[in-house]
Amino acid sequence: MSAALEPGWLTILGNEFEKEYMKSLKSFLLEEKQKGYTVFPKGPDIFNAFNHTPFDNVKVIILGQDPYHGNGQAHGLSFSVQKGITTPPSLKNIYKELETDIPGFKIPVHGNLTKWADEGVLLLNATLTVRAHEAGSHQGKGWEIFTDRVIAELSARKTGLVFLLWGKYAQNKTALIDATKHTILKAAHPSPFSAYNGFFGSKHFSTANQKLTAQGITPIDWQID
């Protein structure tokens, strides 16, 4: 799996692929396929978040939990779906918040967030794969160890990042982040079950841009074509 990782990330994370937890994870994923299960996203897309957002380019991190488990949805970016797939409810709420937070933002007709990734938004799920139609089915198999290392390395090696932590699961990662070096913004999850309990009105997108601009860093253009 390491061969698919962007060179900057591979320099930092390459030794993870030799550790026992990753070897066990590889065996688990192979067993899933041998048993006839479909795994999302497709193999070449598993590390899309890293390949679209090289380590040196990271400005903002949006943490998710699992890939989408429906057909054709997941492509390696948290909250994002491929073009031609119906925009999921949580992403619809993200768009609604953007519409009220960012002047002139127009809700796009699709849910592909690759443009954000290419601009420096690391769209990172804690678990990078899932069994088709079984939410959470690949949790606790090793991916969380890997992605916790990602967060810790970002915190240690960079300064001035903005972490958007939505919901309790993402907020549990706070301990991995040095709050004296980075901005941590917390809100409810954008899910329809919780968005009205603190996600709407959080203004995380404009706040993130303010934090970046204050450091002389080009802000994120949140508009998606």
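Residues numbered from 1 in each chain as written. Predicted model: local features only at pLDDT ≥ 70, side-chain atom pairs only at ≥ 80, totals over all residues. Heavy atoms only, no water.

**Q** What's the story with the overall build of the chain in this structure? I'm lost.
**A** Each helix and strand in the chain was counted, giving eight helices and six strands. Taken from N to C terminus, the helices and strands of the chain fall in the order α-α-β-α-β-α-α-β-β-α-β-α-β-α. Relative to a compact globule of 225 residues, whose C-alpha radius of gyration would be 17 Å, the chain shows 17 Å and is just as compact. Considering only C-alpha atoms, the chain reaches an extent of 50 × 35 × 30 Å along its principal axes. (Helix = DSSP H or I, 4+ residues; strand = E, 2+ residues; numbered from the N terminus. Rg over C-alpha atoms; globule rule 2.2 N^0.38 Å.)

**Q** Even after reading the chapter, I still don't get the packing of helix 2 (residues 20-34) against helix 6 (residues 143-157), so can you show me in this structure?
**A** For any two helices packed against each other, the geometry comes down to the angle between their axes and how far apart the axes lie. In the contact formed by helix 2 and helix 6, the axes pass within 9 Å of each other and the chain directions differ by 130 degrees. One finds that helix 2 runs oblique with respect to helix 6. Listed contacts from helix 6 to Y21, M22, L25 and L29 of helix 2 are W143, I145 and F146. Looking at the contact of helix 2 with helix 6 residue by residue, the class counts come to seven nonpolar, no polar and no charged. (Axes fitted to C-alpha atoms, helices over the stretch in contact; angles between N-to-C directions. Parallel < 35°, antiparallel > 145°, perpendicular 65-115°, else oblique. Contact = heavy atoms within 4.5 Å. Nonpolar A, V, L, I, M, F, W, Y, C, P; charged D, E, K, R; others polar.)

**Q** Explanation requested: the pattern of salt bridges in the structure shown.
**A** Oppositely charged side chains can form a pair if their charged atoms are brought close together. Enumeration over the complete set of coordinates arrives at 10 salt bridges. A salt bridge links E16 to K19, with the nearest nitrogen and oxygen atoms 2.8 Å apart. The class for K19 is partly exposed, based on a relative accessible area of 35%. One salt bridge connects E153 with R157, and the closest N-O pair in it is separated by 2.5 Å. Taken together, the residues span about one helical turn, with E153 and R157 both in helix 6 at a distance of four residues. Each of the salt bridges in this network shares a partner with another, and the network as a whole consists of E16, K19, R149, E153 and R157. (Salt bridge = Lys/Arg side-chain N within 4 Å of Asp/Glu carboxyl O. Buried < 20%, exposed > 50% of the residue type's maximum accessible area, 1.4 Å probe, protein only.)

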